[in-house]
Amino acid sequence: MIKKLFLFILLFSSAVSQSAIFGDGDPSNGIEDQRHLASSPFLKAVGTIFCDGGLRGTATHISTSLKKAPAIILTAAHVLFDEKTGLAFKHCAYRPENRRLNEIDFAMVSKHQYQFFSKNKIRQSETDIVFVALKKKPYQASLSLAVAINSSKDNLQLLGYNMDSQEINLSNNCESFESEFFVSEQLLLHNCDALGGSSGGPIISTAEDGEARNVIAVHGGTLSSGISGGKSFSAGRPAGAKVNPEQWINQARKIDRAMLIQLQQFLAYLAKDFPSQK
């Protein structure tokens with residue numbers, strides 16, 4: 001009974017930190033960070049979120065079925081909030097391919113259930129996703145959304161901004177994981193390398209030839225149980241950390257049917273009085 005209560009407390013107080021860089025835990029035998037500069041076919045549909053004077057995260061320009069629909073981007077909800085105050089930023093814009101001179105202001109943010117100060121970190125991660133309508137269409141490609149399939153364990157890639165290199169990087173050869181501790185049908189647990197700025201980046205399923213297929217999840221951060229070998233496990237940037245889905249794992253909100261319905265409802269709302277975009 002005591003053990004079950006301890007696990008219950010950990011589940012509702014588990015930390016969601018900046019995303020982790022995974023490796024074998026030994027930086028002396030190689031670089032733990034496997035990210036590299038994104039190739040142009042992947043980069044063309046991705047950009048960054050800039051709010052109230054700072055770069056906050058990554059977003060994807062997504063395809064919609066409506067020709068006259070406004071441009072829509074998809075990102076993590078938490079990047080739109082000030083981590084110090086928990087309040088939503090006052091002014092946000094999207095930078096296609098992280099190009100400052102092409103910045104486009106937000107027109108409207110979709111309804112969401114994300115709560116910045118929630119103590120239930122599993123539930124918080126499950127709601128960490130939002131659609132944004134832009135004031136005009138970006139001159140860039142778009143990617144389609146697809147329902148994530150639980151059996152898909154390879155050919156996954158993450159596109160995300162890298163604060164260190166100040167570029168959008170690609171993390172490939174990612175794997176998905178299952179966990180008895182972090183249980184959620186709505187979350188994709190993965191080991192794509194990521195750190196500050198990568199939140200909101202797309203998890204992409206790819207063909208064997210490397211061609212991008214669809215966005216199946218939106219990267220949110222790292223889940224940590226707070227313990228490792230009986231000792232406190234740091235939520236900060238490790239030199240390298242072995243993947244352990246029961247203690248320390250990156251998470252992304254899956255694209256599911258409910259999310260696709262939410263997008264259609266958002267588009268229907270915008271269609272009422274939103275001016276068409278060329």
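Because the structure is predicted, anything quoted here is derived from the model rather than measured.

Chemist: So, the sheet that holds strand β6 (residues 92–96): which residues are in play, and what are the values?
Modeler: What the six strands build is a closed barrel, ordered β3-β4-β5-β8-β7-β6; its pairing is antiparallel. Looking at each pair of strands side by side, their axes are set apart by 45° on average, direction ignored. Direction of pairing for β6 relative to strand β7 (residues 104–109): antiparallel, over a ladder of two bridges. Bridge pairing in β7 links tyrosine 94 to isoleucine 104.

Chemist: Before we move on, could you go through the environment of valine 218 and cite the residues and values that matter?
Modeler: As for its placement among the helices and strands, valine 218 is situated in strand β15 (residues 212–224). Since its relative accessible area comes to 2%, valine 218 is described here as buried. Ignoring any residue separated from it by four or fewer positions in sequence, one finds valine 218 in contact with Leu74, Thr75, Ala76, Ile129, Gly200, Gly201, Ala252 and Arg253.

Chemist: Now, about unusual backbone geometry: what can you tell me, with residues and values included?
Modeler: One non-glycine residue with positive phi stands out, namely aspartate 52, at about 45°. By the secondary structure assignment, aspartate 52 is in the loop between β3 (46–51) and β4 (54–62). Judged by its relative accessible area of 39%, aspartate 52 falls in the partly exposed class. Although it is not a glycine, glutamate 97 sits at a positive phi angle of roughly 55°. Relative to the elements of secondary structure, glutamate 97 occurs in the loop between β6 and β7.

Chemist: Give a description of the state of the cysteines that names residues and reports values.
Modeler: Taken as a whole, this structure holds two disulfides when the rule is applied. The disulfide partner of cysteine 51 is cysteine 92, and the S-S distance across this bridge is 2.0 Å. Negative torsions about the S-S bond denote left-handed disulfides, and the value of about 115° found for cysteine 51 with cysteine 92 makes this one right-handed. With cysteine 51 in strand β3 and cysteine 92 in strand β6, this pair connects stretches of sequence that are 41 residues apart. According to the relative accessible area criterion, cysteine 92 is buried, its value standing at 9%. At a sulfur-sulfur separation of 2.1 Å, the disulfide partner of cysteine 174 is cysteine 192. Residues cysteine 174 and cysteine 192 share a disulfide whose torsion about the S-S bond is about 135°; that sign makes it right-handed. Placement of the pair is cysteine 174 in strand β11 (residues 167–174) and cysteine 192 in the loop between β13 (187–190) and β14 (202–206), with a sequence separation of 18 residues. This pair shows no difference in class: cysteine 174 is buried, exactly as cysteine 192 is.

Chemist: Pulling in residues and values, what's your account of the pairing of β13?
Modeler: By the alternation rule, side chains of β13 split into Leu187 and Leu189 and Leu188 and His190, which are all buried. Where strand β12 (residues 176–177) meets β13, two bridges bridge the pair, whose relative direction is antiparallel. Pairing of serine 176 across the sheet is with histidine 190, part of β13. Both β13 and strand β18 (residues 248–254) contribute to a ladder of four bridges, which runs antiparallel. Residue pairing for β18: leucine 188 is matched across the bridge by alanine 252.

Procedures and definitions
- Residues numbered from 1 in each chain as written.
- Predicted model: local features only at pLDDT ≥ 70, side-chain atom pairs only at ≥ 80, totals over all residues.
- Heavy atoms only, no water.
- Pairing = 2+ DSSP bridges.
- Helix = DSSP H or I, 4+ residues; strand = E, 2+ residues; numbered from the N terminus.
- Axes fitted to C-alpha atoms, helices over the stretch in contact; angles between N-to-C directions.
- Buried < 20%, exposed > 50% of the residue type's maximum accessible area, 1.4 Å probe, protein only.
- Contact = heavy atoms within 4.5 Å.
- Disulfide = S-S within 2.5 Å.

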